[in-house]
Amino acid sequence: MPHDKLIAAKERWAREGRLLTDLRGTKRAGVLEHDRLPPGQHLVSGWPVLDLGAEPNVTAQKFRLDIDGAVENRVSLTLGEFMALPQFETVSDIHCVTQWSRYDNRWKGVAARTLLELIRPKPEARYVMFHSFDGYTTNVALEQFDQPDVALVHEWEGKPLTVAHGGPVRMVVPQLYFWKSAKWLRRIEFIISNRPGFWEQRGYHSNGDPWREERYS
Ligand SMILES: Nc1nc2c(c(=O)[nH]1)N[C@H]1C(S)=C(S)[C@@H](COP(=O)(O)O)O[C@H]1N2
Ligand SMILES: [Mo]
């Protein structure tokens, strides 16, 4: 099955430290480019699709977003209830660990900070785990989730997010590699001690900051 091969290849890259850039050898394409393009990345204009290969068809009927774990106010939202939350627009860059970056993506959705006000994490909550309808998981530190540009989005460039890109609702965590931005979002679990998600169990970095080239653990 091709996706088993893809997963095996990506696990091998993590073991071999592939795609790591020698910072001293990085080609400098001018100050601006250097400031905006993280090390080892190249710019693309299209938007590649990357996932485990089983794209779930999450109808409005099937959609449910649970937010639970170490929170004061756990919620379970229908798509209508999610859409009724205060809306937020933001523009951000995508940096994928497979080395492509895409600038200026315009997103619409609910800001992570709006959600945090609603559910109020308990003081002991330190990480969140995203769970998706395809069984995918990925972990991020609460301070990474609690950033002004992090959002649960349902529109890209003024159009509903396509199924291939994670519709109806996906995460966007712009300051981390894109594998942290879970598609087909199903549940956000607030946790006290860190746990690895799907790629983090397969050699990928727990934090995943593209500016520090945190590709592999
Ligand atoms: N639910 C889910 N989310 C996921 C993935 C996945 O397989 N399932 N793949 C991740 C990876 S590795 C990347 S690079 C991005 C790709 O998002 P895109 O297909 O919209 O470019 O989604 C991330 N989120
Ligand atoms: Mo990825």
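Residues numbered from 1 in each chain as written. Chains lettered and ligands numbered in written order. Predicted model: local features only at pLDDT ≥ 70, side-chain atom pairs only at ≥ 80, totals over all residues. Heavy atoms only, no water.

A. Quick look at helix H4 (residues 112-119). Along H4, the residues that are buried comprise Ala112, Leu115, Leu116 and Ile119. Each buried residue of H4 lies within a common arc of 105° when the element is viewed along its axis, so the set occupies one face. Residues of H4 that are buried in the fold lie against strand S2 (65-69), strand S3 (75-77), strand S5 (100-111), helix H5 (142-145), strand S8 (151-156) and strand S11 (185-191). Just downstream of H4 lies Arg120, where phi reads positive at about 50°. (Buried < 20%, exposed > 50% of the residue type's maximum accessible area, 1.4 Å probe, protein only. Helix = DSSP H or I, 4+ residues; strand = E, 2+ residues; numbered from the N terminus. Arc of directions from axis to C-beta. Contact = heavy atoms within 4.5 Å.)

B. Representation of the site of ligand 1 within the structure. If you check the shell around ligand 1, you find 21 residues, and the closest are Pro48, Asp134, His165, Arg170 and Lys183. Side-chain polar atom of Ser132 to a nitrogen atom of ligand 1: 3.1 Å apart, as the coordinates give it. Protein contacts shield 99% of the accessible area of ligand 1, which totals 530 Å² for the unbound molecule. Applying the majority rule of atoms within 2 Å of the grid points places ligand 1 in the largest cavity. Looking at side-chain class alone, the shell around ligand 1 contains 13 nonpolar, three polar and five charged residues. (Near = heavy atom within 4 Å. Polar contact = N/O pair within 3.5 Å; in protein donor to acceptor, adjacent residues only side chain to side chain. Areas by Shrake-Rupley, 256 points an atom, 1.4 Å probe, with all protein chains shown as cover. 1 Å grid on protein atoms, 1.4 Å probe; cavity = no way out; pocket = protein on both sides within 12 Å on 5 of 7 lines; lining within 4 Å. Sits in = over half its atoms within 2 Å of the grid points. Nonpolar A, V, L, I, M, F, W, Y, C, P; charged D, E, K, R; others polar.)

C. Focus on the pattern of salt bridges. Counted under the stated rule, the structure contains 14 salt bridges. One salt bridge in this structure joins Asp104 and Arg36, with 2.9 Å as the shortest N-O distance. Within this pair, whereas Asp104 is found in strand S5, its partner Arg36 is found in helix H2 (residues 31-36), the two being separated by 68 residues in sequence. You can call Asp104 partly exposed: its relative accessible area is 44%. One salt bridge in this structure joins Glu157 and Arg106, with 4.0 Å as the shortest N-O distance. Placement of the pair is Glu157 in the loop between S8 and strand S9 (159-160) and Arg106 in strand S5, with a sequence separation of 51 residues. Judged by its relative accessible area of 36%, Arg106 falls in the partly exposed class. Salt bridges sharing common partners tie together Asp68, Arg187, Glu189 and Arg195. (Salt bridge = Lys/Arg side-chain N within 4 Å of Asp/Glu carboxyl O.)

D. Highlighting the nonpolar core. Core analysis: the biggest nonpolar cluster contains 33 residues, and Phe82, Phe130, Phe145, Leu152, Met171, Ile188 and Phe190 have the highest contact counts within it. Contributions of two or more residues to this core are made by S2, S3, helix H3 (79-83), H4, strand S6 (127-132), H5 and S11. A total of four residues in this core trace back to one element, the largest contributor, which is H4. Residues contacting Ile188, with those up to four places away along its chain left out, are Asp66, Ile67, Asp68, Leu115, Val128, Met129, Phe130, Phe145, Leu152 and Met171. Ranked by size, the runner-up nonpolar core spans twelve residues in total, among them Tyr177, Phe198, Trp199 and Tyr204. (Core = buried A, V, L, I, M, F, W, Y, C linked by side-chain atoms within 4.5 Å.)

E. Highlighting the packing of aromatic side chains. With the rule as written, the count across this model stands at 13 aromatic pairs. When the centroid spacing of 5.5 Å and the interplanar angle of 75° are considered together, the rings of Trp179 and Tyr204 count as edge-to-face. Here the residue Trp179 occupies a position in the loop between strand S10 (170-172) and S11, and Tyr204 occupies one in the segment after S11, the gap between them amounting to 25 residues. For Trp179, a relative accessible area of 8% gives the class buried. Plain terms: the ring middles of Phe198 and Trp199 are 5.0 Å apart, the flat faces sit at 90° to each other, and that makes the pair edge-to-face. Here the two residues Phe198 and Trp199 agree in accessibility, since each one is buried. Taken together, Tyr136, Tyr177, Trp179, Phe198, Trp199, Tyr204 and Tyr216 form an aromatic cluster joined through their ring pairs. The ring of Tyr103 carries Arg36 above its face, with NZ or CZ at 3.9 Å from the centroid. The ring of Phe198 has Arg202 sitting right over it, with the charged end atom 3.7 Å from the ring centre. (Phe/Tyr/Trp six-rings, centres within 6.5 Å; stacked < 30°, edge-to-face > 60°. Lys NZ or Arg CZ within 6 Å of the ring centre and 35° of its normal.)

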